[in-house]
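Fold and contact review
Each chain, letter by letter, is given below.
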Amino acid sequence: MRIVAPSILSADFGNLERDIKMVDRSAAEWVHIDVMDGLFVPNISFGFPVMKPVRKATTKVLDVHLMIVEPEKYVKRFVEAGADYVTFHHEACADPRATIAEIKAAGAKAGVSIKPATSAEEIFDYLAELDMVLVMSVEPGFGGQSFMPDSLDKVRALRKEIDEKEYDCLIEIDGGISAKNAREVFDAGVDVVVAGSSVFGTENPEEAIVNILNA
C-alpha cells in the first residue's frame, strides 16, 4: 500500500481552503493534521476550530496526530470534529490501551506514535489493538527537519511483527520525506507517508505528491 498524507502544518494558512482543495483533487488519499500543545512538544499549532473547516473542505481521510499531553482527554472531541484516524504518542499517555479503546468507541481508527528515542518493541504488546503505528523520523514539533535514516530499522521491526502476527495495522512515517527518499521508505514497509514542505513548499504540489507515490 502507498498512501501520501500531506501535512497542513506546511500549508499556507492565509489560503488554507485553497491548499486543502488542492489536496482534495490530488492523488493523496489522506490529509495529515498535526496538533501541538506547547507542552509535549515545544511548539503550538492548532486544534478544534481548524478541524471543522478542513473537514468541510475535503472528502479525504483526516489523519490527526496528537502531539499533546493527556491525549485521552481530547480524543472524543477530535473525532466529533471529523477525525478518521486519531494518533497519540506512546510517551504522552499513562494508559495507552484505555486511550485506544476510547478512540475506537468514539468511532475513529486508533494510532500510536513513537519518537526517535523510543524503540519499536515498546509498543509490540498492543499492536493487535491498533489500526496504525506512526514512526517519527524527525523530532516531533517542527517542520522542515532532515530525515533520520535509522528510523527505517524501526519500520522493518514493526513490519516483521505485524506480518508475522497477521495484525491489521498500517505503518505511517513522518518527517523529512520527499520523492528523493520515498522509495527507500516504502520498501522498508511503510504504508503511509506524511509529507509537508516537500509538497506545500514546491511550485507544483500535486505533481510532488505523484512523484512521492511513484518513487
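Below, the structure is looked at part by part. (Residues numbered from 1 in each chain as written. Predicted model: local features only at pLDDT ≥ 70, side-chain atom pairs only at ≥ 80, totals over all residues. Heavy atoms only, no water.)

Quick look at the overall build of the protein now. The helix and strand inventory of the protein stands at eight helices and eight strands. A globule of 215 residues ought to have a C-alpha radius of gyration of about 17 Å, and the protein, at 16 Å, matches this closely. Expressed as lengths along the three principal axes of its C-alpha atoms, the size of the protein is roughly 45 × 35 × 30 Å. A buried classification covers 56% of the 215 residues belonging to the protein. Of the accessible surface of the protein, which amounts to about 9,500 Å², a share of 48% is contributed by carbon and sulfur atoms. In the protein, which carries 22 positive and 36 negative side-chain charges, the distance between the mean positions of the two groups comes to 4 Å. (Helix = DSSP H or I, 4+ residues; strand = E, 2+ residues; numbered from the N terminus. Rg over C-alpha atoms; globule rule 2.2 N^0.38 Å. Buried < 20%, exposed > 50% of the residue type's maximum accessible area, 1.4 Å probe, protein only. Areas by Shrake-Rupley, 256 points an atom, 1.4 Å probe, with all protein chains shown as cover. Lys, Arg positive; Asp, Glu negative; His and termini not counted. Charge placed at Lys NZ, Arg CZ, Asp CG, Glu CD.)

Read across the sheet, eight strands follow the order β1-β8-β7-β6-β5-β4-β3-β2 without closing on themselves; strand pairing throughout is parallel. Only two strands of the sheet have a single partner each, and these edge strands are β1 (3–6) and β2 (30–36). Averaged over all pairs of adjacent strands, the angle between strand axes in this sheet comes to 25°, irrespective of strand direction. (Pairing = 2+ DSSP bridges. Axes fitted to C-alpha atoms, helices over the stretch in contact; angles between N-to-C directions.)

Moving on: the side chain of serine 26. As for its position among the elements, serine 26 is in the loop between α1 (16–25) and β2. For serine 26, a relative accessible area of 10% translates into the label buried. Excluding its chain neighbours within four sequence positions, the residues that come into contact with serine 26 are Lys60, Glu206 and Ile209. (Contact = heavy atoms within 4.5 Å.)

Further remarks concern the environment of threonine 202. Relative to the helices and strands, threonine 202 resides in the loop between α7 (197–200) and α8 (205–213). Not counting residues within four places of it along the chain, the set of residues in contact with threonine 202 comprises Ser197 and Ala208.

Here we take up the nonpolar core. In terms of nonpolar packing, the biggest core is built from 64 residues, with Ile8, Ile33, Val54, Leu127, Leu158 and Ile173 touching the most fellow members. The element best represented in this core is helix α2 (residues 48–57), accounting for five residues. Non-local contacts of leucine 158, meaning those with residues more than four positions away in its chain, are made with Ala120, Ile123, Phe124, Leu127, Val133, Val135 and Ile171. Within the second largest apolar cluster, eight residues are counted, among which are Trp30, Leu170, Val192 and Val194. (Core = buried A, V, L, I, M, F, W, Y, C linked by side-chain atoms within 4.5 Å.)

Attention now moves to the packing of aromatic side chains. Throughout the structure, instances matching the rule amount to three aromatic pairs. For the pair phenylalanine 13 and phenylalanine 46, a centre-to-centre distance of 5.5 Å together with 40° between the ring planes defines the contact as tilted. With phenylalanine 13 in the loop between β1 and α1 and phenylalanine 46 in the loop between β2 and α2, this residue pair connects regions lying 33 residues apart in the sequence. For phenylalanine 13, a relative accessible area of 41% translates into the label partly exposed. (Phe/Tyr/Trp six-rings, centres within 6.5 Å; stacked < 30°, edge-to-face > 60°.)

Here we come to the pairing of strand β6 (residues 132–136). In terms of burial, β6 is largely enclosed, as five of its five residues are buried. The two faces of β6 match: Met132, Leu134 and Met136 on one face and Val133 and Val135 on the other face are all buried. Across five bridges, β6 lies against strand β7 (residues 170–174) in parallel orientation. Bridge pairing links methionine 136 to aspartate 174 in β7.

For the rest of this paragraph, the subject is α2. The complete set of buried residues in α2 reads Phe48, Val50, Met51, Val54 and Ala57. Turning to α2, the residues buried within the fold contact α1, β2, β3 (61–67) and α3 (75–80).

All right, on to unusual backbone geometry then. Phi is mostly negative for residues that are not glycine, and the peptide bonds are mostly trans. Even without glycine at this site, glutamate 70 takes up a positive phi of about 45°. Take glutamate 70: it is sitting in the loop between β3 and α3. On the accessibility criterion, glutamate 70 (38% relative accessible area) is partly exposed. At glutamate 166, a position not held by glycine, the phi torsion is positive, near 60°. In this structure, glutamate 166 sits in the loop between α5 (151–165) and β7.

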